[in-house]
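Reading the structure
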Amino acid sequence: MSFAATVLTLYPEMFPGPLGISLAGRGLREGRYSLDAVQIRDFATDKHRSVDDTPAGGGAGMVLRADVLAAAIDSVADDRPILAMTPRGNPLTQPRVRALATGPGVVVLCGRFEGFDERLFDARAIEQVSIGDYVLSGGEMGALVLLDACIRLLPGVMGAASSGVEESFESGLLEYPQYTRPNEWEGRTIPEVLRSGDHAKIDAWRKAQAAVDTRLRRPDLWERHEGARVQSPSGARRRNRNE
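The structure presented is a predicted model; accordingly, all values stated were derived computationally and were not measured.

What follows concerns unusual backbone geometry. Looking along the chain, the bond that leaves Phe15 and enters Pro16 is cis, with omega of 5°. Note that Pro16 resides in the loop between strand E1 (3-9) and helix H1 (22-29). For the bond from Arg181 to Pro182, the omega torsion is 5°, close enough to zero to count as cis. Following the sequence through the fold, Pro182 ends up in the loop between helix H5 (140-151) and strand E8 (184-185). Positive phi is not limited to glycine here, since Arg49 has a value of about 55°.

Laid out in structure tokens, this is it:
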């Protein structure tokens with residue numbers, strides 16, 4: 001059974017968008033996953049197809065109605081997890097992406113305006129997800145990011161099997177620096193170790209560079225990585241030997 005994605009949105013024409021080209025597009029055409037976009041307005045009950053209303057208690061903007069959204073969700077609900085794209089959600093991480101990619105698929109709810117009526121999350125099992133600490137015009141771009149991250153991990157979508165493993169965040173660290181021909185460019189050369197043909201030395205260099213770059217560029221990731229390493233059984237043994 002292929003990975004099935006359903007996006008609930010006010011702008012279904014945004015899908016598949018970039019997911020319809022390159023490797024993701026080929027995977028879609030080959031049936032390695034499916035993607036459906038559902039118009040939320042189809043579940044409105046008034047003649048104006050209203051999906052939002054003014055905030056309770058006053059304030060600027062409009063809020064997406066719980067009754068309309070719940071009807072849209074219920075129309076597609078099955079055993080797939082339901083995710084709502086919102087800056088109030090938990091940060092999306094590679095481990096969560098990998099878990100989603102190994103499942104039956106996802107239902108993604110895209111927010112707009114001032115967000116969702118909070119009662120929706122009390123009434124339905126919905127995971128709130130954020131792709132970063134910034135604000136977008138709507139959840140559609142976040143949905144594309146989430147789906148792309150999942151789709152690239154599906155069997156047969158990417159070329160080399162190792163491509164999805166040797167990436168930033170997969171090991172808890174940033175990926176090591178990459179180089180390609182020409183060997184010299186504007187007076188800068190590819191590190192000699194990468195031209196040595198010694199795979200053990202190359203692997204050691206890459207691991208060391210990943211650690212250095214993570215420590216300097218993302219100290220938050222480095223702290224979590226080191227904490228996990230120390231807490232693991234092998235990490236504990238290493239620590240005890242050094243005491």
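What follows continues from the structure just given.
Another aspect to go through is the packing of aromatic side chains. Enumeration according to the criterion identifies 1 aromatic pair in this entry. Judged by centre distance (5.6 Å) and plane angle (85°), the rings of Phe116 and Phe121 are edge-to-face. The exposure class assigned to Phe116 is buried, which follows from its relative accessible area of 11%. One residue, Arg215, lies across the ring of Trp222, its end atom 5.3 Å from the ring centre.

Let's shift gears to the pattern of salt bridges. Taken as a whole and assessed by the stated rule, the structure comprises 13 salt bridges. Salt-bridge contacts for Glu30 lead to Arg32; the nearest nitrogen and oxygen are separated by 2.8 Å. Overall, the relative accessible area of 43% leaves Glu30 in the partly exposed class. Here Asp42 and Arg49 are joined by a salt bridge, their closest N and O atoms 2.6 Å apart. Taking the relative accessible area as the measure of exposure, Arg49 reaches 36% and is therefore partly exposed.

Pairing is parallel across the open sheet formed by 5 strands, whose spatial order is E2-E1-E6-E5-E7. In this open sheet, the two edge strands, each paired with only one partner strand, are strand E2 (33-39) and strand E7 (127-130). Mean inter-strand twist for the sheet, computed between neighbouring axes without regard to direction, equals 35°. In this sheet, E7 lies alongside strand E5 (residues 82-91) in parallel orientation, the contact comprising 5 bridges. Note on E7: the bridge partner recorded for Asn90 is Val129. Seen against the sheet, H5 touches E1, E2, E5, strand E6 (105-110) and E7 and runs at an angle of roughly 165° to E6.

Time to look at a nonpolar patch on the surface. Together, Tyr134, Leu136 and Met141 line one region of the surface with nonpolar side chains, adding up to about 290 Å² of accessible area. Along the chain, the position of Met141 falls in helix H5.

All right, on to the packing of helix H6 (residues 199-217) against helix H7 (residues 219-231) then. Where H6 contacts H7, the two axes come as close as 5 Å, and the packing angle between them is 120°. It follows from the interaxial angle that H6 and H7 lie oblique. Touching Ala211, Thr214, Arg215, Leu216 and Arg217 of H6 are Pro219, Leu221 and Trp222, all from H7. Split into classes, the residues belonging to the contact of H6 with H7 amount to 5 nonpolar, 1 polar and 2 charged.

The rules behind these values
- Residues numbered from 1 in each chain as written.
- Predicted model: local features only at pLDDT ≥ 70, side-chain atom pairs only at ≥ 80, totals over all residues.
- Heavy atoms only, no water.
- Helix = DSSP H or I, 4+ residues; strand = E, 2+ residues; numbered from the N terminus.
- Phe/Tyr/Trp six-rings, centres within 6.5 Å; stacked < 30°, edge-to-face > 60°.
- Buried < 20%, exposed > 50% of the residue type's maximum accessible area, 1.4 Å probe, protein only.
- Lys NZ or Arg CZ within 6 Å of the ring centre and 35° of its normal.
- Salt bridge = Lys/Arg side-chain N within 4 Å of Asp/Glu carboxyl O.
- Pairing = 2+ DSSP bridges.
- Axes fitted to C-alpha atoms, helices over the stretch in contact; angles between N-to-C directions.
- Contact = heavy atoms within 4.5 Å.
- Patch = residues over 30% accessible without salt bridge, like charges linked within 9 Å, V, L, I, M, F, W, Y side chains within 5 Å.
- Areas by Shrake-Rupley, 256 points an atom, 1.4 Å probe, with all protein chains shown as cover.
- Parallel < 35°, antiparallel > 145°, perpendicular 65-115°, else oblique.
- Nonpolar A, V, L, I, M, F, W, Y, C, P; charged D, E, K, R; others polar.

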